[in-house]
Amino acid sequence: MSLVICSNQYQENERTSNNNQAYSFKNNLGTQMKIPPNSEVAVQSVKINKDGTITIKPTDIFYIYQGDLIPATLGNIDLSNSYPVRVQLNTSKIAEEVDLDTFASRLQSALNRGIINLAFNGLQTATVKRDGSGVFQGFDFKITQQNACDTTNSIPTNASPYYNGFDSYYSYSAGVFTSSGLTTVDQNRRVAILTDSPLGNVKGKFRVTLTTTTATSWGVGLRRSRFNNTGLQPRRPNYFSNTGDVFGASNIFFDYVVMAVQDAKNGPRYLRVYQACLKEDVDHGDDAMQEERPICMREVVYYGGHNTKFASAYNMSTNSASYTFVEFELNGDQLNLSIGNGSVTAPLVNKTTLTTSTKANLFKPMALTTQLLYPQLWLQKPSKSLTVNTFNGKTGYTFGNPARDWWARMEDEGLTNRFCKRVDTRYWANLENADIYGYKLPNGSGVFAETDYPPVLVVTEDITHYVNTIDANCETLLGFEGQPVIDNPVYSAPTYTFTSNSAPKLTSRGSAFVRLNNFTQQSFNAGKGALSKILYHLPRFDNSGNEVGSDLFYESAEKTYVALNNSNELNINTFDIDIVTEQEVFATDLVGKTIIVLHFRPRTHKL
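Calculation notes
- Residues numbered from 1 in each chain as written.
- Predicted model: local features only at pLDDT ≥ 70, side-chain atom pairs only at ≥ 80, totals over all residues.
- Heavy atoms only, no water.
- Helix = DSSP H or I, 4+ residues; strand = E, 2+ residues; numbered from the N terminus.
- Rg over C-alpha atoms; globule rule 2.2 N^0.38 Å.
- Buried < 20%, exposed > 50% of the residue type's maximum accessible area, 1.4 Å probe, protein only.
- Contact = heavy atoms within 4.5 Å.
- Areas by Shrake-Rupley, 256 points an atom, 1.4 Å probe, with all protein chains shown as cover.
- Lys, Arg positive; Asp, Glu negative; His and termini not counted.
- Charge placed at Lys NZ, Arg CZ, Asp CG, Glu CD.
- Pairing = 2+ DSSP bridges.
- Axes fitted to C-alpha atoms, helices over the stretch in contact; angles between N-to-C directions.
- Salt bridge = Lys/Arg side-chain N within 4 Å of Asp/Glu carboxyl O.
- Phe/Tyr/Trp six-rings, centres within 6.5 Å; stacked < 30°, edge-to-face > 60°.
- Lys NZ or Arg CZ within 6 Å of the ring centre and 35° of its normal.

All right, on to the overall build of the protein then. For the protein, the helix and strand inventory stands at four helices and 36 strands. Against the globule reference of 25 Å for 607 residues, the protein gives a C-alpha radius of gyration of 33 Å, more extended than a compact globule. Overall, the protein is about 110 × 50 × 45 Å in size when its C-alpha atoms are taken along their principal axes. Per-residue burial for the protein yields a buried fraction of 57% across its 607 residues. Contacts in the protein between residues far apart in sequence, at least 24 positions, make up 73% of those at least 6 positions apart. Just so you have it, the protein exposes about 24,700 Å², and 47% of that area is on carbon and sulfur atoms. The positive charge centre, built from 54 side chains, and the negative charge centre, built from 57, are 6 Å apart in the protein.

Next comes the structure, spelled out in structure tokens:
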């Protein structure tokens, strides 16, 4: 009779090395073990650590907010440019039972759907947290920002018409946007959106040369994406009004635009700057929400006492300074605008350099609705051209993709009037309100300060500060027992880390089986209809009635021996052991240290 103790050589955090997993390992003897003829083998006992599984349902919801903390920094969410983003953990239509690694992968995908800011988007991770024995302790959520500026210049290659079916009104190739030679068409429809990628928000630049723009009105600007674009409907928010201050292409929506337009027919074309914000007679907040179309294009006054370069609106028809380009720069949530030629660049809109600017002289900040901004170009007259020279776009985005664009997501779900409208009508969009938003700028290496964009997890409804989180229900599932709102992650530049304070409850997948691969015994797995090497059944509950956790122990009162069918002596120096499911695939919910004791003896009876 012989006892053989087998185990994997577990080291902390080691789960995937060959032949050393908790559910599949090999032990080698320094000398051969001799097993007499006609012997049999049984499993004496088993000690395992089992993660178990988690059930995720389509109704499992949490929210991510990223911006100034409420109420610690801001007293009210209406002072923010952000909003809680709803995250569905399971995007299928049925409940699923998954192991911890799969759950962490789903959670990671969910985090990346919930973080919209371009400097963070796509960089989030979720990992399983374990103790020194490999026992499940919860999760670590890491929300990371990039640590470099957006400096890559990639000229957009694709242009989409503002109105469906009107791409014949212009041509676009290699950055050159040219209005068609047709003279009888609606001039306001010579407009295209460059859809390759959004402008990066860490010193991302968008520069356009005024190639052939004499005797024509033109517009260069940035705008949000559009998910719904059917028929001949223009691509604009459904709460946008065409009325407002003088605007040369009044039926075209931009979030931000610089234009050369005429104040009067046959008059000179003056340089004008506009943005989409609240109408003059509409107050922000609840007043704006009661209006059907509260936002319109309004002029940003770049000229006057705050700007020594421009005492009044600049005459582009004479262009006495010979300006040849306009340039937007997006830095954090502050958008700047300048105009220049080969040797001179003059600021038009810039809170940093034009320090005495009032709210009427500034662009509204980037908000959750405008995190993804795409170039848009317009030419009034035929056979004129604009050329994109610089565009620092963020790769990995598809125009109007709800998975990574909150504005497109809200359009897809029909919720723009409920949520986006509230964001777009806050105080910073009200030019009659003098309070200037405190823009958040990255430092010289492209990193935002710890307090600029801290993420917040809302795992249970918060009716006081982070509003409209009514269906958040993941407090227990994500391991934040007693913490409905988690707004204090550990920060180590450039990463915020949330750590579960409790381990979510796991359930066992059910039975598992011990398989001895390299011996001569034979059993049958009728469920698979095949021969097998299985020796022992590990039921759902161990000897103490536990189904998951550490140090689960199994030992039968009466052992089941299986004949080795060896008519000759066996010389063994390797034990190749797996723990598998009834389908004989690895039981991957096992972690840490596994110990299996085998008992060999001469066969006591003949079959």
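Taken in spatial order, the seven strands of this open sheet run β12-β13-β24-β15-β20-β21-β22, and their pairing is antiparallel. Edge strands, defined here as strands with exactly one partner in the open sheet, are β12 (170-173) and β22 (345-349). Each neighbouring strand pair of the sheet contributes to a mean axis angle of 20°, computed without reference to strand direction. With five bridges connecting them, strand β15 (residues 202-212) and strand β24 (residues 385-391) associate as antiparallel partners. Bridged to V208 within β24 is V388.

Our focus in this paragraph is the pattern of salt bridges. Scanning the entire structure with this criterion turns up 20 salt bridges. Note that R272 and D263 form a salt bridge whose closest N and O atoms lie 2.6 Å from each other. Residue class for R272 comes out buried when judged on its relative accessible area of 10%. Each of R224, D255, K364 and D424 takes part in one network of salt bridges that share partners.

This part takes up unusual backbone geometry. In the segment running from I70 into P71, the intervening peptide bond is cis, with an omega of 0°. Here P71 lies in the loop between β6 (61-66) and β7 (85-88). The omega torsion across A493 and P494 is 5°, close enough to zero to call that bond cis. When you line up the elements, P494 lands in the loop between β27 (490-492) and β28 (495-499).

With seven of nine residues buried, strand β10 (residues 136-144) is to be regarded as a mostly interior element. Of the pairings in the sheet, the one linking strand β9 (residues 125-130) to β10 comprises six bridges and is antiparallel in character. Among the inter-strand pairings, A126 is bridged to a residue of β10, identified as F141. Linkage of β9 to β10, two consecutive antiparallel strands, is achieved through a turn of five residues, within which G134 is found at a positive phi near 85°. The pairing of β10 with β28 spans five bridges and is antiparallel. Note on β28: the bridge partner recorded for K142 is T497.

What follows is about the packing of aromatic side chains. Enumeration over the complete set of coordinates arrives at 28 aromatic pairs. Note on Y374 and F399: the rings are 4.8 Å apart at their centroids and 80° apart in plane angle, and the pair reads as edge-to-face. Taken as a pair, Y374 in strand β23 (residues 374-379) and F399 in the loop between β24 and α3 (406-412) lie far apart in primary sequence, 25 residues in all. A centroid spacing of 5.0 Å and a plane angle of 90° characterise the contact between F448 and Y453, whose relative ring orientation is edge-to-face. Each member of the aromatic cluster is reached from another via a ring pair, and the members are F120, F448, Y453, Y491 and Y496. One cation-aromatic arrangement involves R207 over F325; the distance from NZ or CZ to the ring centre is 3.7 Å. In this arrangement the basic side chain of R404 is found over the ring face of Y397, its NZ or CZ atom lying 4.2 Å from the centre.

So yeah, pure geometry; function would need other evidence.
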